[in-house]
Amino acid sequence: MERYCNSCGSPLWMEQFKGPADDYCKYCTDENGNLKTRKEILQGCANWLKSWSPDLDEATAIKRAEYYMRSMPEWADK
Ligand SMILES: [Zn+2]
């Protein structure tokens, strides 16, 4: 079955996302497979959005990242 990162939705069957943890991609965990904090992932997500839209300002990027993360199983209730 195809699996996605519980934290950010990355496709875990793709080599570039596969990390030490079963339920999270390598961008959402440290080298031991421990999930990063919500804040760290939020910032990473905002940076990712900005890399696609260079005109996006920081506050808007954070807002969109928060909205996006609420659709993830790991962060839905946080
Ligand atoms: Zn992830």
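Below is a short write-up of the structure. (Residues numbered from 1 in each chain as written. Predicted model: local features only at pLDDT ≥ 70, side-chain atom pairs only at ≥ 80, totals over all residues.)

Attention now moves to the overall build of the chain. If you tally the helices and strands in the chain, you get two helices and zero strands. Relative to the compact-globule value of 12 Å for 78 residues, the chain shows a C-alpha radius of gyration of 12 Å, a close match. C-alpha extents for the chain along the principal axes are approximately 35 × 25 × 25 Å. A buried classification covers 17% of the 78 residues belonging to the chain. Long-range pairs, those at least 24 residues apart, make up 22% of the contacts in the chain between residues at least 6 apart in sequence. (Helix = DSSP H or I, 4+ residues; strand = E, 2+ residues; numbered from the N terminus. Rg over C-alpha atoms; globule rule 2.2 N^0.38 Å. Buried ≥ 20, exposed ≤ 12 C-beta atoms within 10 Å, placed from the backbone. Contact = placed C-beta atoms within 7 Å.)

Across its 12 residues, helix H2 (residues 58-69) extends 16 Å between first and last C-alpha, which sits within 8% of the 16 Å expected from 1.5 Å per residue. All of the buried residues in H2 are Ala61, Ala65 and Met69. Burial along H2 is one-sided: seen end-on, the buried residues are contained in an arc of 65°. Seen from the open side of H2, the exposed residues pointing more than 90 degrees away from its buried face are Ala59 and Tyr67. The inward-facing, buried residues of H2 abut helix H1 (38-52). (Expected span 1.5 Å × (residues − 1). Arc of directions from axis to C-beta.)

Attention now goes to the nonpolar core. Counting residues in each nonpolar core, the largest one holds 12 residues, listed as Cys5, Cys8, Leu12, Tyr24, Cys25, Cys28, Ile41, Cys45, Ala46, Ala61, Ala65 and Met69. Mapped onto this core, the elements with two or more residues apiece are H1 and H2. Excluding anything up to four places from it in sequence, Ala65 contacts Leu42, Cys45, Ala46 and Leu49. (Core = buried A, V, L, I, M, F, W, Y, C linked by C-beta atoms within 7 Å.)

Time to look at H1. Here H1 is 15 residues long and its end C-alpha atoms lie 21 Å apart, about the 21 Å a rise of 1.5 Å per residue gives. Of the positions making up H1, those classed as buried are Ile41, Cys45 and Ala46. Here the buried residues of H1 occupy an arc of 140° about the axis, which is enough to place them on one side. For H1, exposure combined with an orientation more than 90 degrees from the buried face picks out Lys39, Asn47 and Ser51. As for H1, its buried residues are in contact with H2.

Next up on the list: the environment of Gln43. Within the secondary structure layout, Gln43 lies in helix H1. By the C-beta count within 10 Å, which is 16 here, Gln43 ends up partly exposed.

Scope: geometric values only; no functional claims are made or implied.
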